[in-house]
Each structure stands twice: as C-alpha cells, then as structure tokens.
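# Residue-level structure breakdown
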Amino acid sequence: MEPIIRMSGVAKSFGKNKVLHDINLDVAPQEVVVVIGPSGSGKSTMLRCINLLERPDEGDVVIDGHSLTAKGTNIADIRTEAGMVFQRFNLFPHKKVLDNLTLAQIQVRRRTPEEAKEKAMSLLRKVGLADKADAYPDSLSGGQAQRVAIARALAMDPKIMLFDEPTSALDPEMVGEVLAVMKELASEGMTMVVVTHEMGFAREVGDRILFMESGAIVEEGPPEQLFERPRTERTRLFLSKVL
Amino acid sequence: MKEGAGVYYAFRFDIIEDYLPLLLKGTLLTIGISLAAIAIGVVLGLFIGFGKMARFWPLRWLMSGYINVFRGTPLILQVLIIHFGVIPPILGTTNGIVAAILALGLNCAAYSAEIYRAGIESIDAGQREAAYSLGMTHAQTLRHIIVPQAVRRMIPAFGNEFIVLVKDSSFVAWIAVPEIMYWANAAKGQYYKVWEPYLAAGVIYFVLTYTLSKLLQWFERKVK
C-alpha cells in the first residue's frame, strides 16, 4: 500500500547542532507508529518536520502524495490534513472551548458555523467534555485541556494525527484519560505518529516502534520484538532505564 | 494687607479666574491635539511595528531607524524641527497646530510600534504553531489568534504611552500653540506670579491624565 507519510533523507540542524540525520520513514494508512528515545534525540523535531513546523534542511516529506518541499505546494492545505497535539496543549486561551474547535473549521474548511458547531459538539461528546463547551481553557484541568486539544485537531477531519509527547505535561492521574482517547482513535483506524515516554501505551497500541537516538532512527520493529528482543545495544540500554 | 506678605499667603484666585476661559479653551486644544496625535501614532505605529518584524531586511532596517531616531532625540527638538523645518515647505507657512499634531503623532508612532512588536512577540510560539497545524494561514493566525491576545497585553502599555503624550503635549507651547501650558505661561508673564497659573495648569493636566487612566482601566477590564 502507498504510504500516507514518507520522509526521505530528512536532515535538520539548529545552528551548528545537527538534530536529525538522514531520516527515512514510511507510514502506512491506519498505522500507529510510536517514537521513543531519550530527550534531545530528535523525536519531536522529526515529528514537527512532518507538518513543516520545522523545515527540513535536506530531504523531502510527502504527505498523501503531496510533497511538502516542492515548489508551489500550499503548506497550509497539507497541514490541514495532519492534526497535531502538543505537549503543552496550546489551546487558544481567548476563545471558549467550542470556539477553539470551530474556528479553523470555519476559516480553513469553510464550514458554516452550524456545521462546525455540530461537528465540535459530537467530538466533545466523544472525549467526554460536552459540558465544557462554553468554558474557557483556563478553567480546564491538564487532562481535560489535552482532550479538547485532540478534539480540536480531529474537528478538521485530518488524515493523520501527530502527537508530540501528549502526556508529558500532565499530572500522573490525568495521563490515563488522554491515553484512553488516543487508544480509541487508534482502534478506529486513524493513522498516528506518537512521540511519547509512555512505554505501556507504546507496547499496547503501537503497530511499530521507532527508537531514536542522536538524531537517527537506531532501531524499529513491532513492539513485541523491540521491547522483548532489541537488536542493538543502545536500544537495550535505553529500555533498561525506562522499563 | 502689607505689600510683599502676599507672596506667602495671598493666593490670587483672581488670576486663575481671569485666565480660566483661556485655560479651558487651551484644555480643549490639548485634548484635540492629543487625540489627533494618538490616532496618527496608533495607526502609523502599527505599520512601523509590523515593518520592523518583516522578513524583508531593508524594511526592517528602515523601521528600526525610524524608531531609534524618534526615541533617541528630544521631543522638543522634533517639535521645533517639524514646526520650522518641515511644515513651512509643505504648507507654505508655519502652522503650530499642524506641527504639534504631526510631531506628537510621529513620536507616538515610534513608541507604539515597539508596543505592538512587544505585544505580538510576547505571545507563546505554541499559539502560532497550533494555528498553523490546523491549516490556518499566516494572516488568519495573526487575525484570529495572535492579535486578539496581544491587544489585551498592549492595553496597559498604550495607556502609559497616551498619558505620557498628553503631558508631553505641553512642549508645543514653545511653538505658540495656545494650549494649556501656553496660557499658563501667559498668565505668569502678565502677573509675575508662578504658583497660580502653574498650579492651575497642573490640576488640569492631572484631571486629564487621571480620567484617561481610569478610562483605560475600565476598558482593560471590559476586554478581559
């Protein structure tokens, strides 16, 4: 099957610091890829290269057949197909929860306010927060805010969802409610790339695990293989610290 | 009453009474000049502020230059240069009120530009990234996400700038614009009395700036 995300030869530096070296990654539709690795290994930067929040210095990223780096590509159009969930939620604090979900639907997808609201409410019900539609983001707990952020991304009907350490800023008791929403999403066949430190989630939900270190993909494989029989010493060493 | 003793205890309310109609007319002029200068400053400052954040470096360089010049030289100098050097070639004659509005407006624009820039830059990068990740364009992101949040943070700084501008408008007495300070000076010249005219002017300026600050506080509460 044609991959829905293809990264080929992607490299990225910040100043003199080379944070990604020659990243090659194909993600199939409906696949859940979980990226693990130590802090500073380039996981988030790789994820952010997929929707061009970071522009690769070298290589190409192709989303659903559209090259992000080709001339004439409208980046905003392609970003619409890739929902992103951030570590710090990044909800719009000046807008009510409902308006957080409807704004881009109306502005970008050109839906009517009624359509957008209907979509937003059905997603808020899905993440269990329909009663918070008129609340402002400040009044939400971290777990609630992240569920709203997931709903906001889903409201655009993206083809893929990118998660950048979605539970890292949460109090431990709120991690579960966010992971539950992500599990449900995976079971519905959403294509997902998830950067996380939640090894339990990775093992349970991931179709494929990537282990990154020093800006490169060191090892990849299905969870049972990578977690039980890692092929490289570096993967073994990392897993021995986090498991 | 003995001659000379009046310096200490005979406050001459009659001087203020005498000049009150002129001081009040001057007050209206101060208000008018200030409002016009604020309007120029706020609008022009927007362009200068965004110009300073532009990707195109010559524009950035030009706008930085503007801001540095107007912030780095005395306002009174700007008033005099504009009054005697800039306005006559344009209008064919001097015009104090036009020069006053222009000088205060251009000066206000430099400070306003920095307020806009600081306000925009104070918004967390995550807000922009979230908007982009939803497919919003740069313009949509500015309009719906960045500017509405930044404006709230700019209000106190603008309030401060407006208050400074109202007070600094007193400099234009130098070019014979008949505003508050001009008439206070005139009264001092006529009666050789310092306290009465200057205190009267001080009270008027204070009432103006205090009212303005209360107005801005109310506005700030309203948008929050």
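Refer to the preceding data block for the structure.
In this convention, every chain numbers its residues from 1, walking through the sequence in written order. Working convention: letters from A go to chains and numbers from 1 go to ligands, in the order in which they are written. Owing to the predicted nature of the model, reporting of local features is limited to residues with pLDDT of at least 70; listing and counting of side-chain atom pairs is limited to 80 or more, with chain, interface and lining totals taken over all residues. Note that water and hydrogens are dropped before the side-chain values are worked out from all heavy atoms of the structure.

## Here's the deal with the overall build of chain A
Summing up its helical and strand segments, chain A has nine helices and ten strands in all. Just to be clear, the radius of gyration here is over C-alpha atoms, and the globule rule we use is 2.2 Å times residues to the power 0.38. Against the compact-globule benchmark of 18 Å for 243 residues, chain A has a radius of gyration of 18 Å, which places it among compact chains. Taking the principal axes of the C-alpha coordinates as reference, chain A spans close to 55 × 45 × 35 Å. Think of it in three bands: with a 1.4 Å probe and only protein chains considered, a residue is buried below 20% of the maximum accessible area for its type, exposed above 50%, and partly exposed in between. Within the span of chain A, comprising 243 residues, buried residues form 56% of the whole. Contact between two residues is taken to exist if any of their heavy atoms lie within 4.5 Å; hydrogens are not considered. By sequence separation, contacts in chain A at least 24 residues apart represent 64% of the contacts at least 6 residues apart. With 31 positive and 35 negative side-chain charges, chain A shows a separation of 4 Å between the mean positions of the two kinds. Strands are runs of DSSP state E lasting at least two residues, helices are runs of H or I lasting at least four, and both sets are numbered from the N terminus onward. Only four residue types enter the charge count, namely Lys and Arg as positive and Asp and Glu as negative; His and the chain termini do not. Each charge is placed at NZ for Lys, CZ for Arg, CG for Asp and CD for Glu.

## Re the sheet that holds strand β1 (residues 5-14) of chain A
Residues and elements named next belong to chain A. Ordered in space as β2-β1-β4-β5, the four strands form an open sheet in which the pairing is antiparallel. Lying at the two open borders of the sheet, with one neighbouring strand each, are β2 (17-27) and β5 (66-67). Pairing geometry for β1 and strand β4 (residues 58-63), over five bridges, is antiparallel. Bridge pairing in β4 links Ala11 to Glu58. A fitted line through C-alpha atoms represents every axis, and for helices the fit uses only the stretch in contact; the resulting angles, taken between N-to-C directions, go from 0 to 180 degrees. Sitting on the sheet, helix α1 (residues 43-50) is in contact with β1, β2 and β4, with an inclination near 120° to β1. When DSSP finds at least two bridges between two strands, those strands are taken to pair.

## Topic: a nonpolar patch on the surface
All names here are of chain B. A surface patch of nonpolar side chains, amounting to about 500 Å² of accessible area, comprises Leu77, Ile81, Val86, Ile90, Leu91 and Val98. Here the nonpolar patch gets five residues from one element, more than from any other, and that element is helix α4 (residues 75-91). By the element assignment, Ile90 lies in helix α4. Taking relative accessible area as the criterion, Ile90 reaches 61% and is therefore assigned exposed. Patch construction takes residues with relative accessible area above 30% that form no salt bridge. Like charges are linked within 9 Å, and nonpolar side chains (Val, Leu, Ile, Met, Phe, Trp, Tyr) are linked within 5 Å. Only the protein chains shown count as cover for residues, and the accessible areas themselves come from Shrake-Rupley with a 1.4 Å probe. Salt bridges are counted wherever a side-chain nitrogen of Lys or Arg sits within 4 Å of a carboxyl oxygen of Asp or Glu.

## A look at the interface of chain B and chain A
With 18 residues of chain B at the contact, the number on the chain A side is 23 residues. Throughout, the accessible surface (probe 1.4 Å) given up by two parts as they are put together, summed over both, is called the buried area. Note on chain B versus chain A: buried area summed over both sides is about 1,700 Å², and carbon and sulfur give 61% of it. Of all residues in chain B, B:Glu129, B:Ser133 and B:Leu134 give up the largest surface area on contact with chain A, accounting jointly for 35% of the area buried on that side. Applying the counting criterion to the chain B and chain A interface returns one salt bridge. For the salt bridge of B:Glu129 with A:Arg48, the shortest nitrogen-to-oxygen distance reads 2.7 Å. The term polar contact refers here to a pair of N or O atoms within 3.5 Å; inside protein, the definition further demands a hydrogen-donor-capable atom paired with an acceptor-capable atom, and it admits residues adjacent in sequence only when both atoms are side-chain atoms. In this structure, the connection of chain B to chain A is made through seven residue pairs in polar contact (both at pLDDT 80 or more). At the level of secondary structure, the elements contributing two or more residues to the side of chain B that touches chain A comprise α6 (125-133) and α7 (138-168) of chain B.

## Remarks on the nonpolar core
Put simply, buried Ala, Val, Leu, Ile, Met, Phe, Trp, Tyr and Cys residues joined by side-chain atoms within 4.5 Å make one nonpolar core. With 94 residues, the main nonpolar core has A:Ile5, A:Met7, A:Met46 and A:Ile50 as its most contacted residues. For this core, the element with the highest residue contribution is helix α5 (residues 96-121) of chain B, accounting for 13 residues. With sequence-adjacent residues up to four places away left out, A:Met7 is seen in contact with A:Ile23, A:Asn24, A:Leu25, A:Asp26, A:Met46, A:Cys49, A:Ile50, A:Asp60 and A:Val61. A:Ile36, A:Leu101, A:Ala145 and A:Val181 belong to the second-largest nonpolar core, a separate cluster that totals 49 residues.

## Regarding the pairing of strand β8 (residues 191-195) of chain A
Residues and elements named next belong to chain A. Of all five residues making up β8, five are buried, and the element is well covered by its neighbours. Of the two faces of β8, the one lined by Thr191, Val193 and Val195 and the one lined by Met192 and Val194 are each fully buried. In terms of strand pairing, strand β3 (residues 32-36) meets β8 through four bridges, oriented parallel. Each residue of the ladder has a partner; that of Val33, found in β8, is Val193. Here strand β7 (residues 160-164) runs beside β8; their pairing, made up of five bridges, is parallel. Paired with Ile160 across the strands is Thr191, a residue of β8.

## Focus on the pattern of salt bridges
Charged atoms that come close allow side chains of opposite charge to pair. All names here are of chain A. Tallying each qualifying case throughout the model produces 22 salt bridges over all chains. Two residues, Lys12 and Asp57, come together in a salt bridge whose shortest N-O distance is 3.9 Å. With Lys12 in strand β1 and Asp57 in the loop between α1 and β4, this residue pair connects regions lying 45 residues apart in the sequence. Residue class for Lys12 comes out buried when judged on its relative accessible area of 9%.

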